[in-house]
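# Reading the structure
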Amino acid sequence: MQNSLTTAPIVPTIWRLTLPNLLAMTAGTLVSIAETWYVGYLGTMSLAGIALVFPCIMLQQMLSAGSMGGGISSAVSRALGANDLGKANALVLHAALICLGMGLFFTFVFIVWGEPIFRLLGGQGEALAQSLAYANVAFWGAASIWLTNGFASVIRGSGNMKTPSLVLLIACVAQVTLSGVLGLGWGPIPSFGMAGIAMGYVIAFSASTLYLFAYLRSSRSMLRLSFKSPLSKPLFMDILKVGAMSSLSTLQTVATILILTRLISSFGPEALAGYGIGTRLEFLLVPMTFAFGVACVPMVGMALGAQLFERAKKVAWAGSLMSAALIGGIGLLVTVWPGVWSEMFTSNTTVLFHAHQYFLWVGPCYGFFAIGLCLYFASQGAGKLLGPVLAGTFRLLVVAIGGYWLVEKNGSIEHLFMLIAAGMVSFGLLTAVSVWKVSWSR
């Protein structure tokens, strides 16, 4: 497999590896649409509540699948690129232990401190109660989210995109069904509201964890999960040196959203609900870009393991332009016809007004966001993340400092949306410059 990833034509190979992930990520997008529809059916306060908890859910997803998952795939692919199968197999157990520990950490943090966290984000009254009803169930299953994404990243690092994508696709179907049944009370089953919607999420990922665990223990897998592998600090560090740095970038992205959530909550629950509808699409575009990014990670990692430095850079640029074309097209669609997305979730005219304002300014900038994010994933494969992290830092500072200044000067919510757009453009351009300037041969 590694030979084809280091010798095959770049664009067709990226597309071949991207397609299974893209189908799974698109299914994940449909899950989130369905889940938001379920929440919208429960009322405006439930929409405001999910706007508070959703960035935290996505923080977990982005850290486990994108950041630490990228570190896992990068380490595995570089080992395979150097033809070191023993090291690649040993990395599987180390990856599983890291993900289990992180999952338990998330459970502890949000079960113990969930309420003050959501209050800090501006939650109060019924909106706060609805956010806690969802979070107190969803974060009990944090370990299953981390392990599913960790196991999937191991498999992707070997160049196998079909197996994890198929598992996630089935999990999406299960989640849509279970969340609807348990959340809204279909048939003889009573409605459990926000808690029921979260139950569907946890059950689906728990089943995925068990399947991928069994797969990595079977003869069908190229790599094996063995509990006899000795633990090694260098192997933990091989994952964490990329995963930890990547996590900084993810934390910056989510911190940007959390700061904006806090600022926009001062404009009222309708504004918060409208902004939540808008940012939910932005968060859903991350997994779609992820589909291209995770295709680039093993190609870049194996190319560098085989000392093919120029090819690694070509993979990064090709993947980023392909993702920008898709994500940028979606951005232009919601800019021109915002109701295609927002009217699926509410008919409240005030909420729709704020959502449409968000798309008017932010939609045209989605392509820049996709370029920056895909290059960030490619940089994971190279282990060269300083530039993308600094670009994310600049975006965070623009939004945080500019946002608080606007609120102090009685700026409008439209001004905040303009600031979000400027942050996306700066992130994409600065990341592109950093990849262009930094050598991947050292």
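These numbers were taken from a predicted model, which means no experiment stands behind them.

## A closer look at the confidence of the model for the protein
Predicted confidence across the protein gives a mean pLDDT of 86, with 99% of residues reaching 70 or more. Within the protein, the element-level pLDDT minimum falls on helix H1 (residues 2–7), averaging 64, and the maximum on helix H8 (residues 193–216), averaging 94.

## Here's the deal with empty space enclosed by the protein
Per the counting criterion, the structure on display carries four cavities of 30 Å³ or more. Estimated volume of the largest cavity: approximately 580 Å³. What lines the largest cavity is a set of 35 residues, and nearest its centre among them are Gly28, Met58, Gln61, Phe205 and Pro287. Sorting elements by how many residues they give to the lining of the largest cavity places helix H3 (residues 44–81) first, with eight residues. The class makeup of the residues in the lining of the largest cavity is 22 nonpolar, 11 polar and two charged. Its boundaries defined by the atoms lining it, the second largest cavity holds a volume of some 60 Å³. Along its surface, the second largest cavity is lined by Thr36, Leu47, Ile50, Ala51, Phe54, Ala273, Gly276, Ile277 and Arg280. Contributing elements (two or more residues each) for the lining of the second largest cavity: H3 and helix H10 (269–305). Its residues assigned to classes, the lining of the second largest cavity comprises six nonpolar, two polar and one charged.

## What about the packing of helix H7 (residues 162–185) against H8?
Contact pair H7 / H8: the axes reach a minimum separation of 8 Å and the direction vectors enclose 155 degrees. The orientation of H7 relative to H8 falls into the category roughly antiparallel. Seen from above, H7 lies across H8 with right-handed handedness. Partitioned by chemical class, the residues of the contact of H7 with H8 number 15 nonpolar, eight polar and no charged.

## Description of the layout of surface pockets
Considering only enclosed or pocket space, the largest pocket measures out at about 160 Å³ in volume. Thr29, Ile33, Leu281, Leu284, Leu285, Met288, Ile330, Leu333, Val334, Val340, Trp341 and Met344 are the residues that line the largest pocket. Listing elements by their share of the lining of the largest pocket, those giving two or more residues are helix H2 (10–42), H10, helix H11 (309–336) and helix H12 (339–342). At four residues, the largest contribution of residues to the lining of the largest pocket is made by H10.

## Some remarks on the environment of Ile98
Following the sequence through the fold, Ile98 ends up in helix H4 (residues 85–120). Residue Ile98 is classed as buried on the basis of its relative accessible area, which comes to 11%. Note: C-alpha distance between Ile98 and Ile239 (141 residues apart in sequence) is 9.1 Å. When residues no more than four places from it in sequence are discounted, the contact partners of Ile98 are Met68, Phe236, Ile239 and Leu240.

## Quick notes on the pattern of salt bridges
All told, the structure shown has five salt bridges when counted by the stated rule. Across the salt bridge formed by Lys241 and Asp238, the nearest N and O atoms sit 3.5 Å from each other. Here the residue Lys241 and the residue Asp238 both occupy positions in helix H9 (residues 233–265), the gap between them amounting to three residues, near one helical turn. Among the charged side chains, a salt-bridge network with shared partners connects Arg78, Lys87, Asp238 and Lys241.

## Observations concerning the environment of Ala171
Inspection of the secondary structure puts Ala171 in helix H7. For Ala171, a relative accessible area of 6% translates into the label buried. C-alpha separation for the pair Ala171 and Tyr201, spaced 30 residues apart in sequence, amounts to 8.8 Å. For Ala171, the contacting residues outside a window of four places in its chain are Ala204 and Ser208.

## Re the packing of aromatic side chains
Evaluated as defined, the whole model comprises 18 aromatic pairs. Consider the rings of Trp37 and Tyr41, whose centres lie 5.8 Å apart with planes at 25 degrees: the pair is stacked. Taken together, the residues span about one helical turn, with Trp37 and Tyr41 both in helix H2 at a distance of four residues. Of the residues examined, Trp37 reaches a relative accessible area of 41% and is grouped as partly exposed. The exposure class of Tyr41 is exposed, given its relative accessible area of 60%. Relative to Phe139, the ring of Phe110 lies with its centre 4.1 Å away and its plane at 10 degrees, an arrangement referred to as stacked. Here the residue Phe110 occupies a position in helix H4, and Phe139 occupies one in the loop between helix H5 (125–138) and helix H6 (142–157), the gap between them amounting to 29 residues.

## Topic: the packing of H9 against helix H16 (residues 413–437)
It is at 11 Å that the axes of H9 and H16 come closest, and there the two elements cross at 170 degrees. For the element pair H9 / H16, the angle class is roughly antiparallel. For the pair H9 and H16, the contacting residues are Leu260, Leu263 and Ile264 in the first and Ile413, Leu416, Phe417 and Ile420 in the second. For the contact of H9 with H16, a count of residues per class yields seven nonpolar, no polar and no charged.

Rules used throughout
The residue numbering used here restarts from 1 in each chain and proceeds along that chain's sequence as written. In keeping with the model being predicted, local features are shown solely for residues with a pLDDT of at least 70 and side-chain atom pairs are shown and tallied solely at 80 or more, while totals for entire chains, interfaces and linings include all residues. Hydrogens and water molecules were not included; the side-chain quantities draw on all heavy atoms of the structure. Note: pLDDT gives the predictor's confidence per residue, expressed from 0 to 100. Note on conventions: DSSP H or I runs of at least 4 residues are helices, E runs of at least 2 residues are strands, and numbering of each starts at the N terminus. Detection works on a 1 Å grid of protein atoms alone, calling trapped sets that fit a 1.4 Å probe cavities and calling open sets with protein on both sides within 12 Å along at least five of seven lines pockets, with lining residues defined by an atom within 4 Å of a point. Grid points are joined across faces, edges and corners, and a volume is the space filled by probe spheres set on the points. Throughout, the ten residues Ala, Val, Leu, Ile, Met, Phe, Trp, Tyr, Cys and Pro are labelled nonpolar, Asp, Glu, Lys and Arg are labelled charged, and all others, Gly among them, are labelled polar. Angles here are taken between N-to-C directions and fall from 0 to 180 degrees, while the axes themselves are lines fitted to C-alpha atoms, restricted in helices to the stretch in contact. To sort the angles, those under 35 degrees are grouped as roughly parallel, those over 145 as roughly antiparallel, those from 65 to 115 as roughly perpendicular, and the leftovers as oblique. Note on convention: near helix rotated counterclockwise from far helix by under a right angle means a left-handed crossing. Clockwise means right-handed. Burial here depends on accessible area, computed with a 1.4 Å probe over protein chains only, as a share of the maximum for the residue type. Under 20% is buried, over 50% is exposed, and the range in between is partly exposed. In what follows, residue pairs with any heavy atoms lying within 4.5 Å of each other are defined as contacts. The term salt bridge refers to a pairing of a side-chain nitrogen on Lys or Arg with a carboxyl oxygen on Asp or Glu at a separation within 4 Å. Side-chain rings of Phe, Tyr and Trp, where Trp is taken by its six-membered ring, are said to pair if the distance between their centres is within 6.5 Å; with planes under 30 degrees apart they count as stacked, over 60 as edge-to-face, and otherwise as tilted.

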